[in-house]
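So the chains spell out like this:
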Amino acid sequence: AAGAAYLETLLQHNPANNYIKSYDELELLIAIDFIREEKWEAALATINKGLAYNKNNKALLEQEVTVYASTGKTTEAIALVDKLMLLSPGNASLLFKKAGLLEKEQRFEEAAAISYALYLQHPDVALYRKAYFDEIANAEKVQIMQQQWDKAIDLYNRAAVTGVPGYFSLLYTLTAYI
């Protein structure tokens, strides 16, 4: 913390200097420590101090997403992921994180669309395929609970076209017929 304070003093007197990179890295490390200790407020304060000098610092913004996601502020986390996507278009890791956040908000079809696109781009990553089928199965379950049988069957068919839709997906669809 003393090092960060010293670097911050240097930055205040020399804002166009090389100290910004060192300060960013130090603030990032401090924020990660706070996140590990689940000290969310301290992590956010540290992140915001770092962003005051470099508002587009991807690493700090990603840690801010982690804080928001960990504290149940998924709407804020999704907005930040969208901002990060402008800085890193097509970043698979960010897209997958967004799908997970949408899933937390029970926006399963939106999450499935992202996971499916990732699966098509990276067919060798089994995690994307599994996420897609899990999200489709959850979307089916929601449709069945709302007695939207045709929609549930449509979701099953979408999954079936891309491969084996999974046991739970099949069960949910069979429920629609019963």
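Please read these numbers as outputs of a predicted model, since none were measured by experiment.

Things to note about the environment of tryptophan 40
At step 1: Among the structural elements, tryptophan 40 can be located in helix H3 (residues 40-53).
At step 2: Given a relative accessible area of 22%, tryptophan 40 falls into the partly exposed group.
At step 3: In this view, tryptophan 40 contacts Ile35, Val67, Ser70 and Thr71; residues no more than four positions away in its chain are not counted.

Description of unusual backbone geometry
At step 1: Non-glycine residue glutamine 106 carries a positive phi angle of around 60 degrees.
At step 2: Here glutamine 106 falls in the exposed class, since its relative accessible area comes to 58%.
At step 3: A positive phi angle, near 60 degrees, is found at glutamine 147, a position not held by glycine.
At step 4: Topologically, glutamine 147 is positioned in the loop between helix H8 (126-145) and helix H9 (149-162).

Quick look at the nonpolar core
At step 1: Core analysis: the largest hydrophobic core is formed by 29 residues, its most contacted members being Ile47, Val65, Val67, Ala77, Val81 and Leu101.
At step 2: Going through the elements one at a time, helix H2 (19-36), H3, helix H4 (58-70), helix H5 (74-87), helix H6 (92-104) and helix H7 (108-121) are the ones with two or more residues in this core.
At step 3: With sequence-adjacent residues up to four places away left out, valine 67 is seen in contact with Ile35, Trp40, Ala43, Leu44 and Ile47.
At step 4: If you look at the next biggest cluster of nonpolar residues, it comprises 8 residues, including Phe108, Ala112, Tyr132 and Ile136.

The rules behind these values
Residues numbered from 1 in each chain as written. Predicted model: local features only at pLDDT ≥ 70, side-chain atom pairs only at ≥ 80, totals over all residues. Heavy atoms only, no water. Helix = DSSP H or I, 4+ residues; strand = E, 2+ residues; numbered from the N terminus. Buried < 20%, exposed > 50% of the residue type's maximum accessible area, 1.4 Å probe, protein only. Contact = heavy atoms within 4.5 Å. Core = buried A, V, L, I, M, F, W, Y, C linked by side-chain atoms within 4.5 Å.

Nothing here speaks to function; it is geometry throughout.
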